[in-house]
Amino acid sequence: MNHFLDIHKTDKAALRGIIDTARRVKEARLGRPKAMPDDDLPLKDRMVALIFEKPSTRTRVSFDLGVRQMGGQTMVLSGSDMQLGHGETIADTARVLSRYVDMIMIRTFDEAVLEEMAEFASVPVINGLTDRSHPCQIMADVMTFEEHRGPIAGKKVVWCGDGNNVCSSFLHAAGQFGFDFTFTGPVQLDPEMEFVGLARNQGARVTIERDPLKAVEGADLVVADTWVSMHDAQSARERRHNMLRPYQVDKRLMEHAKPDALFMHCLPAHREEEVTSEVMDGPNSVIWDEAENRLHAQKAIMRWCVGG
Ligand code: CP
Ligand code: NVA
């Protein structure tokens, strides 16, 4: 049994295996109806709890569908409706859920909730986003990049905007998959230096460049995310927008990257804020493949969690 808590906490060979499996399961489904089960039904007779303490479209639908395609069933739970949101400890919740279900995916605020869940659950626990990371997203992003451009090792990825949870998982992946990572954004919203150091220690070249046009020079992939994450105070919205406006990904910025540079965004996007519609809907954008690949990547993650 394996937990999937973060990219930097998962063995390198396992990560590569997950990406390869994801591509294989995607391939095997070509031409099939969208909801048809996988032949070997690795989750047959298994129940998976999907706990959400924050909103979600992609994570909710792709996990739910993925479990069903693999022959299992899901229970989608909202944190606020559970005793979890009313004082029952995470540890006790984990112990109880482990008596009912075979796997737990949780989207929560504090990373400590995820960690406590994993410590006290006797079934695999998957990180469906915390304030600090979003590993399933970046597994799908690595898969998407490699589908379009081959191995990501040695390539240049540029993050534009807020050094947030999704940015952190990209840094974790830079160390594990061996690509270069450049952050461009205001100093107040720099990525976590602990993760910058971690990636560098693993041999990844990590650069912080305040000038967005310089930052994207030679980029193979340009990435944006919302300027206000679900865990950010709404009262900080205007201040963040003012700081982040120079880092919007528009056509002019993309023209400074490599001509065949891809554009990614984990979605939901705020059109004309962090990215223009022209880029989102333009020829370099792979955002819909990226969203689809959440399904395939997470199916591979769940297979790995149950020892497949
Ligand atoms: N990218 C992502 O995790 O989307 P949701 O918030 O819709 O799940
Ligand atoms: N950084 C965003 C990602 C949403 C999928 C957030 O945490 O709200």
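The notes below deal with the structure included here. (Residues numbered from 1 in each chain as written. Chains lettered and ligands numbered in written order. Predicted model: local features only at pLDDT ≥ 70, side-chain atom pairs only at ≥ 80, totals over all residues. Heavy atoms only, no water.)

Some thoughts on the overall build of the protein chain
Okay, step 1: When you go through the protein chain residue by residue, the secondary structure sums to 12 helices and 9 strands.
Okay, step 2: Computed over C-alpha atoms, the radius of gyration of the protein chain comes to 19 Å, within 12% of the 19 Å expected from 2.2 N^0.38 for 308 residues, which places it in the range of a compact globule.
Okay, step 3: By its C-alpha atoms, the protein chain is 55 × 45 × 35 Å across when sized along the principal axes.
Okay, step 4: Across the 308 residues of the protein chain, 56% fall into the buried class.
Okay, step 5: Within the protein chain, contacts between residues separated by at least 24 positions form 75% of all contacts whose residues are at least 6 apart in sequence.
Okay, step 6: For the protein chain, the computed accessible surface area is about 12,900 Å², with 50% contributed by carbon and sulfur atoms. (Helix = DSSP H or I, 4+ residues; strand = E, 2+ residues; numbered from the N terminus. Rg over C-alpha atoms; globule rule 2.2 N^0.38 Å. Buried < 20%, exposed > 50% of the residue type's maximum accessible area, 1.4 Å probe, protein only. Contact = heavy atoms within 4.5 Å. Areas by Shrake-Rupley, 256 points an atom, 1.4 Å probe, with all protein chains shown as cover.)

What to know about the nonpolar core
Okay, step 1: Core analysis: the largest hydrophobic core is formed by 54 residues, its most contacted members being Phe-4, Ile-126, Met-139, Phe-170, Phe-177, Phe-179 and Phe-181.
Okay, step 2: Leave out the neighbours within four places in its chain, and Phe-181 touches Val-157, Trp-159, Cys-167, Phe-170, Leu-171, Ala-174, Arg-205, Val-206 and Thr-207. (Core = buried A, V, L, I, M, F, W, Y, C linked by side-chain atoms within 4.5 Å.)

Considering the layout of surface pockets
Okay, step 1: Of the volumes computed, that of the largest pocket is approximately 470 Å³.
Okay, step 2: Lining the largest pocket are 28 residues, and of these Thr-226, Ser-229, Met-230, Leu-267 and Pro-268 lie nearest its centre.
Okay, step 3: Every element with two or more residues in the lining of the largest pocket is listed here: helix H2 (58-69), helix H6 (165-177) and helix H9 (237-244).
Okay, step 4: Its residues assigned to classes, the lining of the largest pocket shows 9 nonpolar, 12 polar and 7 charged.
Okay, step 5: Counted as a void, the second largest pocket has a volume near 370 Å³.
Okay, step 6: Along the wall of the second largest pocket there are 16 residues; nearest its centre are Lys-34, Leu-65, Glu-292, Leu-295 and His-296.
Okay, step 7: At the level of elements, helix H1 (12-29), H2 and helix H12 (287-305) are the ones that each hand at least two residues to the lining of the second largest pocket. (1 Å grid on protein atoms, 1.4 Å probe; cavity = no way out; pocket = protein on both sides within 12 Å on 5 of 7 lines; lining within 4 Å. Points joined across faces, edges and corners; volume = space filled by probe spheres on them. Nonpolar A, V, L, I, M, F, W, Y, C, P; charged D, E, K, R; others polar.)

Let's talk about the packing of helix H3 (residues 90-100) against helix H4 (residues 111-120)
Okay, step 1: Two numbers describe how H3 lies on H4: the axes approach to 8 Å, and their chain directions differ by 45 degrees. As far as their axial angle goes, H4 and H3 are oblique. Note on packing geometry: the crossing formed by H3 with H4 is right-handed. Of H4, the residues touching H3 (which contributes Ile-90, Ala-91, Ala-94 and Arg-95) are Val-113, Glu-116, Met-117 and Phe-120.
Okay, step 2: The residue inventory of the contact of H3 with H4, partitioned by class, reads 6 nonpolar, no polar and 2 charged. (Axes fitted to C-alpha atoms, helices over the stretch in contact; angles between N-to-C directions. Parallel < 35°, antiparallel > 145°, perpendicular 65-115°, else oblique. Left-handed = near helix turned anticlockwise from the far one by under 90°.)

Thoughts on the site of ligand 2
Okay, step 1: In the vicinity of ligand 2, the contacting residues are Leu-129, Asn-164, Asn-165, Val-166, Asp-225, Thr-226, Ser-229, Met-230, Cys-266 and Leu-267.
Okay, step 2: At 2.8 Å, a backbone N or O of Met-230 approaches an oxygen atom of ligand 2.
Okay, step 3: In the complex, 95% of the free accessible area of ligand 2, which totals 270 Å², lies under the protein chains.
Okay, step 4: With respect to the detected pockets, ligand 2 is housed in the largest pocket.
Okay, step 5: Tallied by class, residues from the shell around ligand 2 come to 5 nonpolar, 4 polar and 1 charged. (Near = heavy atom within 4 Å. Polar contact = N/O pair within 3.5 Å; in protein donor to acceptor, adjacent residues only side chain to side chain. Sits in = over half its atoms within 2 Å of the grid points.)

Notes on H1
Okay, step 1: Spanning 18 residues, H1 covers 26 Å between terminal C-alpha atoms, matching the ideal 26 Å at 1.5 Å per step.
Okay, step 2: Within H1 the residues assigned to the buried category are Ala-14, Leu-15, Ile-18, Ile-19, Thr-21, Ala-22, Val-25, Lys-26 and Arg-29. The buried residues of H1 all sit within an arc of 165 degrees when viewed along its axis, so they share a single face. Facing away from the buried surface of H1 by more than 90 degrees, the exposed residues are Ala-13, Arg-24 and Glu-27.
Okay, step 3: Buried residues along H1 sit against H2, helix H5 (135-149), H6 and H12.
Okay, step 4: Between a side-chain oxygen at the N-terminus of H1 and the backbone nitrogen of Ala-13 the separation is 3.2 Å; the capping residue is Asp-11.
Okay, step 5: Looking at the residues trailing H1, positive phi occurs at Gly-31, about 85 degrees. (Expected span 1.5 Å × (residues − 1). Arc of directions from axis to C-beta.)

A short note on unusual backbone geometry
Okay, step 1: In this structure, Pro-268 follows Leu-267 across a cis peptide bond, with omega equal to 5 degrees.
Okay, step 2: Looking at the secondary structure, you find Pro-268 in the loop between strand S9 (262-265) and helix H11 (277-280).
Okay, step 3: Phi is positive for Leu-41, close to 40 degrees, though the residue is something other than glycine.
Okay, step 4: Backbone geometry at Leu-267 places phi at a positive 70 degrees, although glycine is not the residue there.
Okay, step 5: Along the polypeptide, Leu-267 turns up in the loop between S9 and H11.
Okay, step 6: With relative accessibility at 9%, the residue Leu-267 sits in the buried group.

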